[in-house]
Amino acid sequence: MEAKEISSNNGKNAYYIFYLILSIAWGFWATFVNTQIASGFLMKLAGAIGGSVGGFLGFLIADFIRKLIIPDMIFTTGGFLGLLKARFFWMCGPQLIGIAVGGILFISMIVEMK
């Protein structure tokens with residue numbers, strides 16, 4: 001009987017799924033809650049879907065850039081809380097910025113097409 005190899009990719013899949021759900025939620029929230037987008041329902045739906053796709057693409061680009069420039073060591077003058085803030089930023093900060101920027105760009109492109 002062969003031993004099955006356990007994949008260590010499950011954590012990475014959960015990582016991408018979490019940010020995919022977050023970008024979809026952000027795309028729909030930014031489109032339907034924002035009252036300054038004066039468009040019909042279908043245009044808002046297209047903006048929400050485009051914002052979700054753009055947000056996830058922004059996440060992928062920001063995550064790639066984060067992996068390139070993440071520091072090996074972090075020195076702070078804020079003590080333990082400063083270290084926690086720096087670690088938290090490098091853990092999720094660039095990805096959240098990428099979701100916001102990518103989503104805004106795609107929503108603005110789609111809504112301006114009307």
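Residues numbered from 1 in each chain as written. Predicted model: local features only at pLDDT ≥ 70, side-chain atom pairs only at ≥ 80, totals over all residues. Heavy atoms only, no water.

Trainee: Please set out the pattern of salt bridges residue by residue, giving values where relevant.
Mentor: Enumeration over the complete set of coordinates arrives at 2 salt bridges. Residue Asp 63 pairs with Arg 66 through a salt bridge whose shortest N-O separation is 3.1 Å. Of this pair, Asp 63 and Arg 66 both sit in helix α2 (residues 41–69), 3 residues apart, which is roughly one turn of the helix. The exposure classification of Asp 63 matches that of Arg 66, with both residues buried. With a shortest N-O distance of 3.5 Å, Lys 67 and Asp 63 are connected by a salt bridge. Pair noted here: Lys 67 and Asp 63 are both in helix α2, with a separation of 4 residues, about one helical turn. (Salt bridge = Lys/Arg side-chain N within 4 Å of Asp/Glu carboxyl O. Helix = DSSP H or I, 4+ residues; strand = E, 2+ residues; numbered from the N terminus. Buried < 20%, exposed > 50% of the residue type's maximum accessible area, 1.4 Å probe, protein only.)

Trainee: Could you give me a rundown of the nonpolar core, with the residues and numbers involved?
Mentor: In this structure, Tyr 19, Phe 56, Phe 59, Cys 92 and Ile 99 together form the largest nonpolar core, which totals 5 residues. Here Phe 56 is in contact with Tyr 16, Tyr 19, Leu 20 and Ser 23, once residues within four sequence places are set aside. (Core = buried A, V, L, I, M, F, W, Y, C linked by side-chain atoms within 4.5 Å. Contact = heavy atoms within 4.5 Å.)

Trainee: Got a sec to walk through the packing of aromatic side chains? Specific residues and values, please.
Mentor: A complete count under the given rule lists 10 aromatic pairs for this structure. Between Phe 56 and Phe 59, the ring centres sit 5.4 Å apart and the planes meet at 35°, which makes this aromatic pair tilted. Taken together, the positions of Phe 56 and Phe 59, both in helix α2 and 3 residues apart, correspond to about one turn of that helix. With relative accessibility at 0%, the residue Phe 59 sits in the buried group. (Phe/Tyr/Trp six-rings, centres within 6.5 Å; stacked < 30°, edge-to-face > 60°.)

Trainee: Before we move on, can you summarise the side chain of Thr 31 with the specific residues and values?
Mentor: With respect to the element layout, Thr 31 can be found in helix α1 (residues 10–32). A polar contact of 3.4 Å, which involves the side chain of Thr 31, links it to the backbone nitrogen of Ala 48. (Polar contact = N/O pair within 3.5 Å; in protein donor to acceptor, adjacent residues only side chain to side chain.)

Trainee: How would you explain a nonpolar patch on the surface if you had to name every residue and give the values?
Mentor: A surface patch of nonpolar side chains, about 870 Å² in accessible area, is lined by Leu 20, Ile 24, Phe 28, Phe 32, Phe 41, Leu 42, Ile 49, Val 53, Leu 57 and Leu 60. Counting residues per element, the nonpolar patch draws most heavily on α2, at 6 residues. Structurally, Phe 32 is set in helix α1. (Patch = residues over 30% accessible without salt bridge, like charges linked within 9 Å, V, L, I, M, F, W, Y side chains within 5 Å. Areas by Shrake-Rupley, 256 points an atom, 1.4 Å probe, with all protein chains shown as cover.)

Trainee: Before we move on, can you summarise the packing of α2 against helix α3 (residues 79–111) with the specific residues and values?
Mentor: Contact geometry of α2 with α3 gives a least axis separation of 6 Å together with a crossing angle of 145°. Here the hand of the crossing between α2 and α3 comes out right-handed. Here the contact of α2 with α3 is built from residues that sort into 13 nonpolar, 10 polar and 2 charged. (Axes fitted to C-alpha atoms, helices over the stretch in contact; angles between N-to-C directions. Left-handed = near helix turned anticlockwise from the far one by under 90°. Nonpolar A, V, L, I, M, F, W, Y, C, P; charged D, E, K, R; others polar.)

Trainee: Can you lay out the confidence of the model for the protein chain for me, pointing to particular residues and giving the numbers?
Mentor: On average, residues of the protein chain score 85 in pLDDT, and 87% of them are at 70 or above. Looking at the elements of the protein chain, mean pLDDT is at its lowest for α1, recorded as 86, and at its highest for α2, recorded as 91. (pLDDT = per-residue confidence, 0-100.)

Trainee: Tell me what's going on with α3, and back it up with residues and numbers.
Mentor: The end-to-end C-alpha separation of α3 is 46 Å, in line with the 48 Å expected for 33 residues at 1.5 Å each. The principal kink in α3, of about 45°, is found at Cys 92, preceding the proline Pro 94 by one to four residues. (Expected span 1.5 Å × (residues − 1). Bend = angle between axes of the 7 residues up to and from the residue.)

Trainee: Any details on the environment of Ala 48? Residues and values, ideally.
Mentor: Relative to the elements of secondary structure, Ala 48 occurs in helix α2. Counting along the chain gives 18 residues from Ala 48 to Ala 30, while the straight-line C-alpha distance between them is 7.5 Å.

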